[in-house]
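Each chain, written out:
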Amino acid sequence: MDTRSTILMVATKLFSKKGYEGVSMRNIADEVNISAAALYNHFNDKQSLYLTAISERFENKSAPLMQLINGPGKAIERLEKFILLHCELIHEDPDFHRLIQWELLDGDDKRLEYLAQEIFAPAFECIKSLLNELKPESDTQSLVVTIIGMMHKHFELNPLMKFFPGSKPEHTTPIYITNQVMSVLSAYLRDNQ
């Protein structure tokens, strides 16, 4: 792995554990075992490093998600495949999920605006378009947020869920979460299927 990739991997892990404010460039340089000056040769400042880490992590995930959304098949089937893959990606990359959680809790408006407009907007618009196929009269903007919220909230609550009465290990699997989200959506979308 080259130095830049190592820096991004280490930075993502640190930011996911401590948030943006809890990590310094010195922390990252020390973890990568390079000097701070060497780190600044790759990234001008912490903000550019942070945004690059999130951007690259999301880009790796967005291409297959966009292919599913825009691929062949019935809209409801594409939506279900999108939800399943999205859940699998969150399940497989808890650091990315924690990064997003930190940003939602601590993010400043400039970073949040950048993430919304530059990183997440293309996928968001594709999902809106897909939902418009399924239920044209719906508020697709709000519906996308609801779907994303349902998926992500499961993963946020996973540490707590195991202590709920009746909780089972399968309740935290991507397929189970997908089935739960789809059962709610199917009830809402039923008249268009």
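Everything below is about the structure shown above.
Note that the structure is a prediction, hence the values are computed from the model and not measured.

## Re unusual backbone geometry
Part 1: In this structure, asparagine 33 takes a positive phi of about 70° despite not being glycine.
Part 2: Looking at the secondary structure, you find asparagine 33 in the loop between α2 (25–32) and α3 (36–42).
Part 3: The exposure class assigned to asparagine 33 is exposed, which follows from its relative accessible area of 69%.

## Description of helix α6 (residues 94–106)
Part 1: Spanning 13 residues, α6 covers 18 Å between terminal C-alpha atoms, matching the ideal 18 Å at 1.5 Å per step.
Part 2: Inspection of α6 places Asp95, Phe96, His97, Leu99, Ile100 and Glu103 among the buried residues, and these make up the whole buried set.
Part 3: Looking at the buried positions of α6, the neighbouring elements they touch are α1 (3–18), α4 (46–70), α5 (75–92), α7 (109–134) and α8 (140–161).

## Some words on a nonpolar patch on the surface
Part 1: On the surface, a cluster of nonpolar side chains totalling about 260 Å² of accessible area is made up of Leu157, Leu160 and Phe164.
Part 2: Within the fold, leucine 157 resides in helix α8.
Part 3: On the basis of relative accessible area, leucine 157 is assigned to the partly exposed category, the value being 35%.

## As for the side chain of lysine 46
Part 1: Residue placement: lysine 46 occurs in helix α4.
Part 2: The side chain of lysine 46 sits in the buried core without any salt bridge; glutamate 21 is the nearest counter-charge, 4.7 Å away.
Part 3: Within the structure, lysine 46 has its side chain in polar contact with the backbone oxygen of tyrosine 20 (distance 2.8 Å).
Part 4: Among the polar contacts listed, one links the side chain of lysine 46 to the backbone oxygen of valine 23, at a separation of 2.8 Å.
Part 5: Contacts of lysine 46, omitting those with residues within four sequence positions, involve Phe15, Tyr20, Glu21, Val23, Ser24 and Met25.

## Some thoughts on α7
Part 1: For α7, spanning 26 residues, the distance from its first C-alpha to its last is only 33 Å, which falls clearly below the expected 38 Å at 1.5 Å a residue.
Part 2: The sharpest bend along α7 comes to roughly 70°, located at phenylalanine 120, with the proline proline 122 sitting one to four residues further on.
Part 3: Of all the residues in α7, the buried ones are Arg111, Leu115, Ile119, Ala123, Phe124, Cys126, Ile127, Lys128, Leu130, Leu131 and Leu134.

## Here's the deal with the environment of glutamate 31
Part 1: Among the secondary structure elements, glutamate 31 is positioned in helix α2.
Part 2: Taking the relative accessible area as the measure of exposure, glutamate 31 reaches 54% and is therefore exposed.
Part 3: Note: C-alpha distance between glutamate 31 and isoleucine 7 (24 residues apart in sequence) is 8.7 Å.
Part 4: Beyond its immediate chain neighbours, meaning those up to four positions away, glutamate 31 contacts Val10 and Leu14.

## Section: the environment of lysine 18
Part 1: Along the chain, lysine 18 turns up in helix α1.
Part 2: Spatially, the C-alpha atom of lysine 18 lies 36 Å from that of leucine 130, the residues being 112 residues apart in sequence.
Part 3: What lysine 18 contacts, discounting residues up to four positions off in sequence, is Val23 and Trp102.

## Structural notes on the nonpolar core
Part 1: Membership of the largest hydrophobic core comes to 27 residues, with the highest contact counts inside it found for Leu79, Phe82, Ile83, Leu131, Ile147 and Leu185.
Part 2: Contributing elements (two or more residues each) for this core: α4, α5, α7, α8 and α9 (174–189).
Part 3: The dominant element in this core, judged by the number of residues it contributes, is α5, at nine residues.
Part 4: Once residues lying within four places of it in the same chain are set aside, the contact partners of isoleucine 147 are Leu79, Ile83, Leu131 and Leu185.

Criteria and cut-off values
- Residues numbered from 1 in each chain as written.
- Predicted model: local features only at pLDDT ≥ 70, side-chain atom pairs only at ≥ 80, totals over all residues.
- Heavy atoms only, no water.
- Helix = DSSP H or I, 4+ residues; strand = E, 2+ residues; numbered from the N terminus.
- Buried < 20%, exposed > 50% of the residue type's maximum accessible area, 1.4 Å probe, protein only.
- Expected span 1.5 Å × (residues − 1).
- Contact = heavy atoms within 4.5 Å.
- Patch = residues over 30% accessible without salt bridge, like charges linked within 9 Å, V, L, I, M, F, W, Y side chains within 5 Å.
- Areas by Shrake-Rupley, 256 points an atom, 1.4 Å probe, with all protein chains shown as cover.
- Salt bridge = Lys/Arg side-chain N within 4 Å of Asp/Glu carboxyl O.
- Lys, Arg positive; Asp, Glu negative; His and termini not counted.
- Polar contact = N/O pair within 3.5 Å; in protein donor to acceptor, adjacent residues only side chain to side chain.
- Bend = angle between axes of the 7 residues up to and from the residue.
- Core = buried A, V, L, I, M, F, W, Y, C linked by side-chain atoms within 4.5 Å.

Coordinates in, geometry out; function isn't part of it.
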